[in-house]
Amino acid sequence: MEKTAAKSIRNIRRRLILTVVRAFAIVVILTVISLLALTVYELNNKTKSNPFYKSPSTMLLEAFYIGNGGWSNIDRLVNASQTSNTTPGQQPPDQQPPDQQTPADVQPLTQPAPSNQQFPAQDWNDSIVLDQDSVVLIDHGKTNSDLIGTVYTPAPGQPTSTIEVNGKVVGWVIRDLRDLPHPLRLSIAALYPVAEVAVFLAILAVVIGILLTRRVVNPIAEVIAAAEKVSKGDLSTRITMKKGSDDLSALVEHFNDMTAALEQNDNERRQLLADIAHELRTPLSVLRGRLEGIVDGIYPINEANIAPALEETYLLERLVEDLRLLTLAETRQLRFEQREIDLNELLDRTMTVFKPEAVDKDVALNLELAPDLPKVWVDPQRLEQVIGNILDNALRYTKEKGTITVTGIAHEDGVYISIADSGSGVPEDEIGRIFDRFWRNEKSRARSNGGAGLGLAIARQLIEAQGGKIGAENVPTGGLKIWFILPEK
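Residues numbered from 1 in each chain as written. Predicted model: local features only at pLDDT ≥ 70, side-chain atom pairs only at ≥ 80, totals over all residues. Heavy atoms only, no water.

With that out of the way, let us pick up the packing of aromatic side chains. We describe a pair of aromatic rings using the distance from one ring centre to the other and the angle between the two ring planes. This structure, assessed with the given rule, holds 2 aromatic pairs. When the ring of Tyr 416 is compared with that of Trp 483, the centres are 6.0 Å apart and the planes differ by 20°; the resulting orientation is stacked. Of the two residues, Tyr 416 is situated in strand E9 (residues 414-421) and Trp 483 in strand E11 (residues 480-487); the sequence distance between them amounts to 67 residues. Relative accessible area serves as the criterion here: at 17%, Tyr 416 is assigned to the buried category. (Phe/Tyr/Trp six-rings, centres within 6.5 Å; stacked < 30°, edge-to-face > 60°. Helix = DSSP H or I, 4+ residues; strand = E, 2+ residues; numbered from the N terminus. Buried < 20%, exposed > 50% of the residue type's maximum accessible area, 1.4 Å probe, protein only.)

Shown next as structure tokens:
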């Protein structure tokens, strides 16, 4: 059993750790990607007008246009770039004799560039250069192809870069293959070291997060495993954990309190069913025996033989009514007609009912009320029932020549009423249970001495349902005192 529980805890712990790690990793990855994307976006938007972020070929063409006052002799730029890309002594593939380099329809430069002018090496083999009228100037590194001098219309979606001089469009560079924009390439190159550091920190954060989440995952795994056991009916489950002041320790403590309360309620439910069965068994057995004796002719049909059977039906009826009343009071479904009442009249009227029984047992009933006792806000019928149950219980345990004293005084929370007898009292370890259902001081459970054990339980529910408090304590001189506090109007 312990091996199964330990395995279950390990499985739950593994699942929780994987869940936390996945969530943490997703958050870290999304954060890093978002930061990088936002940085690239800002750099791309804010540097479009910065020449530094333009492609080298576009910058070179703009510089050539400015230096030459136009696109005349563009072949020099291409030949110079190709010469820079070839080894010494190697003739560029498109280079021609000087008399064939300049087309007849191209006007000479107004300010010719020096013959020793050097241009940065560029690869023109993947692009077409157009002037402001979309006329082809360079065709894939050639200045003498069939496209030169013709109007070229780019295909839809074909990558295009604009050549601008002093805010005016003077041409375009049309590329064959789509490539990352140059600002984006520069941004990525600049952010690459930052991305490496970010990934390293993300991995480090995940590792540290795993170590830290173990402190959270382990207690939660214990709680989940314990909850599974409770759901299967094992209410004795408790979680063993070091006490602390954090929320997880509080969760474990509350869980243990919950399972303890569930176990107690389950035990009380089982005990209640056993107590009800016991209480019903005795009168039903007496009633059955008496009726069977009459049917079999053992007892004659007369009042003397029928009266005991009828008395048992009265006991059964009272027991069922007490159980119904107790259930309604515990579930707060019992209706109360609360109003302002005078305790002097109510206590005097209730004690008058018990005086004949007290005289028969030679027990003195004393009423001691403080003058100007405040009025209380209660249901008088239910209050009479409470006082009657307590007095009945006191008379049952008070011996001859004993006394029962009812006291009433003002209290900060209302009115304090106590009913003290001179009986034998209750053991200190049992005094907290006298308001439990079917509890009796006599373990023999004899009805003649202990009653059904529902009177004080009903009294507690009726007092608490009206906003009052009730308790019990042993009197130092002997006997038991039951007290309750009623709310003042």
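Note: strand E1 (residues 127-131) against strand E4 (residues 168-175), 5 bridges, orientation antiparallel. Looking across to E4, one finds that Ile 128 is bridged to Ile 174. Judged from the 6 bridges that link them, strand E3 (residues 160-165) and E4 form a sheet pairing that is antiparallel. Bridging from a neighbouring strand, Thr 160 pairs with Ile 174 of E4. The hairpin turn running from E3 into E4, its antiparallel successor, is 2 residues long, and Asn 166 in that turn takes a positive phi close to 55°. (Pairing = 2+ DSSP bridges.)

Take the side chain of Glu 312 next. With respect to the helices and strands, Glu 312 occurs in helix H6 (residues 303-330). What makes Glu 312 buried here is its relative accessible area of 13%. Setting aside its immediate chain neighbours within four residues, Glu 312 contacts Pro 283, Val 286 and Leu 287. (Contact = heavy atoms within 4.5 Å.)

Here helix H2 (residues 56-68) spans 18 Å end to end across 13 residues, near enough to the 18 Å set by a 1.5 Å rise per residue. Buried within H2 we find Ser 57, Thr 58, Leu 60, Leu 61, Glu 62, Phe 64, Tyr 65 and Asn 68. One or two residues past the end of H2 sits Gly 69, with phi positive at roughly 70°. (Expected span 1.5 Å × (residues − 1).)

This brings us to the sheet that holds strand E8 (residues 403-411). As summarised here, the arrangement of the 5 strands in space is E6-E8-E9-E11-E10, forming an open sheet in which the pairing is mixed. The open sheet has two edge strands with one neighbour each: strand E6 (364-369) and strand E10 (469-474). Each adjacent strand pair in this sheet contributes to an overall mean axis angle of 15°, direction not counted. Direction of pairing for E9 relative to E11: antiparallel, over a ladder of 7 bridges. Along E11, the bridge assignment pairs Val 415 with Leu 486. In the packing of helix H8 (residues 380-397) onto the sheet, contacts are made with E8, E9 and E11, and the angle to E11 comes to roughly 175°. Each of E10 and E11 touches helix H10 (residues 455-465); the most contacted strand, E10, lies at about 140° to it. (Axes fitted to C-alpha atoms, helices over the stretch in contact; angles between N-to-C directions.)

Positive phi, normally seen in glycine, also occurs at Asn 73, with a value near 55°. Assignment of secondary structure puts Asn 73 in the loop between H2 and helix H3 (74-85). One non-glycine residue, Ser 134, lies in the positive phi region at around 65°. You can call Ser 134 partly exposed: its relative accessible area is 22%.

Across all of its chains, the model carries 12 salt bridges by this definition. A salt bridge links Glu 473 to Lys 481, with the nearest nitrogen and oxygen atoms 3.3 Å apart. On the basis of relative accessibility, which here comes to 35%, the residue Glu 473 falls in the partly exposed class. Each of the salt bridges in this network shares a partner with another, and the network as a whole consists of Glu 430, Arg 433 and Asp 436. (Salt bridge = Lys/Arg side-chain N within 4 Å of Asp/Glu carboxyl O.)

A word on the environment of Arg 290. Note on placement: Arg 290 falls in helix H5 (residues 247-295). Taking the C-alpha atoms as reference, Arg 290 lies 6.3 Å from Ala 309; in sequence the two are 19 residues apart. Setting aside residues up to four positions removed in sequence, Arg 290 forms contacts with Tyr 299, Asn 305, Pro 308 and Ala 309.

Let's shift gears to the pairing of E9. Of all 8 residues in E9, 8 are buried; the element is thus mostly enclosed. Two strands pair when backbone bridges link them, and E8 and E9 are joined in this way by 8 bridges, in the antiparallel orientation. By the bridge assignment for E9, His 411 is matched with Gly 414. With antiparallel pairing between neighbouring strands as the criterion, E8 and E9 make up a hairpin whose turn holds 2 residues.

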